[in-house]
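# Examination of the molecular architecture
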Amino acid sequence: DLAKRMTHFVDSGERTKPPEALSLAEKIPLLLFGITVPRPENVQTPRDYGLDFETMTIRTPSHQLEAWHISPLSQSKGTVLLFHGYAAAKDSLLGEAEAFHEMGYATVLIDFQGSGGSTGEETSVGYFEAQDVAAVFDFVKSDPNRFEQPIILYGMSMGGAAILRAVATEEIKPNGIIVEAVFDEMVSTVENRFDTMGIPSFPAAQALVFWEIGR
């Protein structure tokens, strides 16, 4: 149940506080019932940053991804695809999109499966999100008249991990990648979360990752 609560979003409820902010009394129920992670939603759009955009739907074999396409003011230097972190949505990267826009790049911001305007209700913390990265890359790469080349991938935390996995396993070849606050392996990330809570990470972290990958 701990694994399911960490990787499945709920429709309502208050998100569990960060591990370091929890008291011992608050940690005990989490061991029994798991965390609460409401489904991430977009509360802003590029228009809040003064940017014109179009909303797109990118279909994959299992779900639909919602994306925002922001064109540059003048001739583009290329297109940057932006991928958000865990339990977030694409509006969390509007500041980065604005910066790329000012540098002359078109941008495409994507909601991973289960977040924002995309379908689904769960996350794999970067594992299956690599397939989303590949699907978006192929979609943009296949239409050079609409999306300016070269194509650069930008990812924050889980988004960065998904990019690295997509490059390694999905055989995509972007012109460049930028990753921030990325983690090396899913199991070490889960271990760190348990350690931060003061909970023994073995074998709980390994069991959670095994369950997630094998589902």
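Residues numbered from 1 in each chain as written. Predicted model: local features only at pLDDT ≥ 70, side-chain atom pairs only at ≥ 80, totals over all residues. Heavy atoms only, no water.

### Some thoughts on the overall build of the protein chain
Within the protein chain, the secondary structure is distributed over seven helices and six strands. Taken from the N to the C terminus, the helices and strands of the protein chain come in the order α-α-β-β-β-α-β-α-β-α-β-α-α. Here the protein chain holds 215 residues, and 47% of them are scored as buried. For the protein chain, contacts bridging at least 24 residues in sequence account for 71% of all contacts bridging at least 6. By element, 53% of the accessible surface of the protein chain is carried by carbon and sulfur atoms, the whole surface being about 10,600 Å². (Helix = DSSP H or I, 4+ residues; strand = E, 2+ residues; numbered from the N terminus. Buried < 20%, exposed > 50% of the residue type's maximum accessible area, 1.4 Å probe, protein only. Contact = heavy atoms within 4.5 Å. Areas by Shrake-Rupley, 256 points an atom, 1.4 Å probe, with all protein chains shown as cover.)

### Examining unusual backbone geometry
In the segment running from Gln149 into Pro150, the intervening peptide bond is cis, with an omega of 0°. Of note, Pro150 is situated in the loop between helix 4 (129-141) and strand 5 (151-156). The phi torsion at Ala87 lies on the positive side, around 55°, for a residue other than glycine. Relative to the helices and strands, Ala87 resides in the loop between strand 3 (79-83) and helix 3 (94-102). Even without a glycine there, the phi angle at Ser157 is positive, about 55°. Structurally, Ser157 can be placed in the loop between strand 5 and helix 5 (158-169). On the basis of relative accessible area, Ser157 is assigned to the partly exposed category, the value being 23%.

### Here's the deal with the packing of aromatic side chains
To describe a pair of aromatic rings, you give the distance between the ring centres and the angle between the ring planes. Per the counting criterion, the structure on display carries six aromatic pairs. Between Phe100 and Tyr154, the ring centres sit 5.8 Å apart and the planes meet at 70°, which makes this aromatic pair edge-to-face. Here the residue Phe100 occupies a position in helix 3, and Tyr154 occupies one in strand 5, the gap between them amounting to 54 residues. Residue class for Phe100 comes out buried when judged on its relative accessible area of 10%. Take Tyr154: its relative accessible area is 2%, and that puts it in the buried class. Where Tyr127 meets Phe128, the ring centres are 5.0 Å apart and the plane angle is 85°; that geometry is what we call edge-to-face. The ring of Trp68 carries Lys90 above its face, with NZ or CZ at 4.2 Å from the centroid. (Phe/Tyr/Trp six-rings, centres within 6.5 Å; stacked < 30°, edge-to-face > 60°. Lys NZ or Arg CZ within 6 Å of the ring centre and 35° of its normal.)

### Focus: the nonpolar core
With 23 residues, the main nonpolar core has Leu81, Phe83, Ile110, Val133, Val136 and Leu153 as its most contacted residues. Where this core is concerned, the elements lending two or more residues are strand 1 (54-59), strand 2 (64-70), strand 3, strand 4 (106-110), helix 4, strand 5 and helix 5. Take this core: its biggest share by element is six residues, from helix 4. Apart from the residues within four sequence positions on either side, Ile110 is in contact with Leu65, Glu66, Ala67, Leu81, Leu82, Phe83, His84, Lys90 and Val136. Membership of the second largest hydrophobic core comes to 14 residues, among which are Phe53, Trp68, Ala97 and Tyr105. (Core = buried A, V, L, I, M, F, W, Y, C linked by side-chain atoms within 4.5 Å.)

### Some thoughts on a nonpolar patch on the surface
On the surface, a cluster of nonpolar side chains totalling about 270 Å² of accessible area is made up of Leu164, Val167, Ile177 and Val182. With a relative accessible area of 37%, Leu164 lands in the partly exposed category. (Patch = residues over 30% accessible without salt bridge, like charges linked within 9 Å, V, L, I, M, F, W, Y side chains within 5 Å. Salt bridge = Lys/Arg side-chain N within 4 Å of Asp/Glu carboxyl O.)

### A word on the pattern of salt bridges
Per the stated rule, a full pass over the model turns up four salt bridges. The closest approach of N and O atoms between Lys90 and Glu66, which form a salt bridge, is 2.7 Å. Of the two residues, Lys90 is situated in the loop between strand 3 and helix 3 and Glu66 in strand 2; the sequence distance between them amounts to 24 residues. With a closest N to O distance of 2.4 Å, Asp111 and Lys90 form a salt bridge.

### Observations concerning the pairing of strand 6 (residues 176-180)
Sheet topology places strand 5 next to strand 6; five bridges connect them, and they run parallel. Paired with Tyr154 across the two strands is Ile178, which belongs to strand 6. Handedness of the crossover joining strand 5 and strand 6 through helix 5 is recorded here as right-handed. (Pairing = 2+ DSSP bridges. Right-handed = clockwise from strand over helix to strand, strands pointing away.)

### A few points about the environment of Ala181
If you trace the backbone, Ala181 turns up in the loop between strand 6 and helix 6 (186-196). Considering only alpha carbons, one finds Ala181 and Gly160, 21 residues apart in sequence, at a separation of 7.7 Å. Setting aside anything within four residues of it in sequence, one finds Ala181 in contact with Met156 and Ser157.

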